[in-house]
Amino acid sequence: QVQLSESGGGLVQAGGSLRLICVASGRTFSSYAMGWFRQAPGKERELVAAVNWSGDRTHYADSVKGRFTISRDNAKNTVNLQMNSLKPEDTAVYYCAWKRVAGMLYLMGQYDVWGQGTQVTVSS
């Protein structure tokens, strides 16, 4: 019964910033991991960032580390991805993902629920 909805994507110039927001809705939420993935044209879907239920453990892809920050607010059922110093290579559809576990997950196949995605386009 969990549903995810992403927002915040758009068109920005290289070096700019965007903040993506994922809102989870449904009957119950408890001890769930969240992750952000992206899929660029001609490429496979890849992990961007992940966070555990407590929010005290995070993981980032090497390509975005130092530029992107994942955070969550369990009281609001939201997970954010702050993206700074954007590059054209960051252009992709970004998806949030969910699984009802307390730990942090790294693999796409480990997640159970996915959002519809939001487009991020970075011009050079």
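A brief report on the enclosed structure follows. (Residues numbered from 1 in each chain as written. Predicted model: local features only at pLDDT ≥ 70, side-chain atom pairs only at ≥ 80, totals over all residues. Heavy atoms only, no water.)

## Things to note about the overall build of the protein chain
Item 1. For the protein chain, the count of helices and strands is 0 helices and 11 strands.
Item 2. N-terminal to C-terminal, the α/β element order of the protein chain is β-β-β-β-β-β-β-β-β-β-β.
Item 3. Along the longest, intermediate and shortest principal axes, the C-alpha atoms of the protein chain span 40 × 25 × 25 Å.
Item 4. A burial count over the protein chain gives 43% of its 124 residues as buried. (Helix = DSSP H or I, 4+ residues; strand = E, 2+ residues; numbered from the N terminus. Buried < 20%, exposed > 50% of the residue type's maximum accessible area, 1.4 Å probe, protein only.)

## A look at the pairing of strand β3 (residues 18-25)
Item 1. Only one face of β3 is buried: it carries L18, L20, C22 and A24, and the other face, with R19, I21, V23 and S25, is open.
Item 2. Note that strand β1 (residues 3-7) and β3 share 5 bridges and pair antiparallel. From the neighbouring strand, L4 faces β3, where its bridge partner is A24.
Item 3. In terms of strand pairing, β3 meets strand β8 (residues 78-83) through 6 bridges, oriented antiparallel. Pairing of L20 across the sheet is with L81, part of β8. (Pairing = 2+ DSSP bridges.)

## What about the side chain of N52?
Item 1. Within the secondary structure, N52 sits in the loop between β5 (46-51) and β6 (58-60).
Item 2. The exposure class of N52 is buried, given its relative accessible area of 8%.
Item 3. With residues up to four places along the chain from it excluded, the contact list for N52 reads Y32, R57, R72, A102, G103 and M104. (Contact = heavy atoms within 4.5 Å.)

## Points about the state of the cysteines
Item 1. Under the counting rule described, the total for this entry stands at 1 disulfide.
Item 2. The partner cysteine of C22 in its disulfide is C96, sulfur to sulfur 2.1 Å. On the sign convention where negative is left-handed, the bridge of C22 and C96, at about 60° about the S-S bond, is right-handed. With C22 in strand β3 and C96 in strand β9 (residues 92-99), the pair connects residues that are 74 residues apart, well separated along the chain.
Item 3. The exposure class assigned to C96 is buried, which follows from its relative accessible area of 1%. (Disulfide = S-S within 2.5 Å.)

## A look at the environment of V23
Item 1. With respect to the helices and strands, the residue V23 is situated in strand β3.
Item 2. Apart from residues lying up to four places away in sequence, V23 is in contact with Q3, L4, S5, N77 and T78.

## Considering the packing of aromatic side chains
Item 1. Counted by the stated rule, this structure contains 5 aromatic pairs.
Item 2. A centroid spacing of 6.1 Å and a plane angle of 35° characterise the contact between Y32 and W98, whose relative ring orientation is tilted. Of the two residues, Y32 is situated in the loop between β3 and β4 (33-39) and W98 in strand β9; the sequence distance between them amounts to 66 residues. Across this residue pair, the class does not change: Y32 and W98 are buried.
Item 3. The interplanar angle of 80° and the centroid separation of 5.5 Å between the aromatic rings of F37 and Y111 together place this pair among those described as edge-to-face. Remark: Y111 occurs in the loop between β9 and β10 (113-114) and F37 occurs in strand β4; sequence separation between them is 74 residues. Accessibility assignment for this pair places F37 and Y111 in one class, buried.
Item 4. Ring-pair connections join several aromatic residues into one group, and the members of that group are Y32, W53 and W98. (Phe/Tyr/Trp six-rings, centres within 6.5 Å; stacked < 30°, edge-to-face > 60°.)

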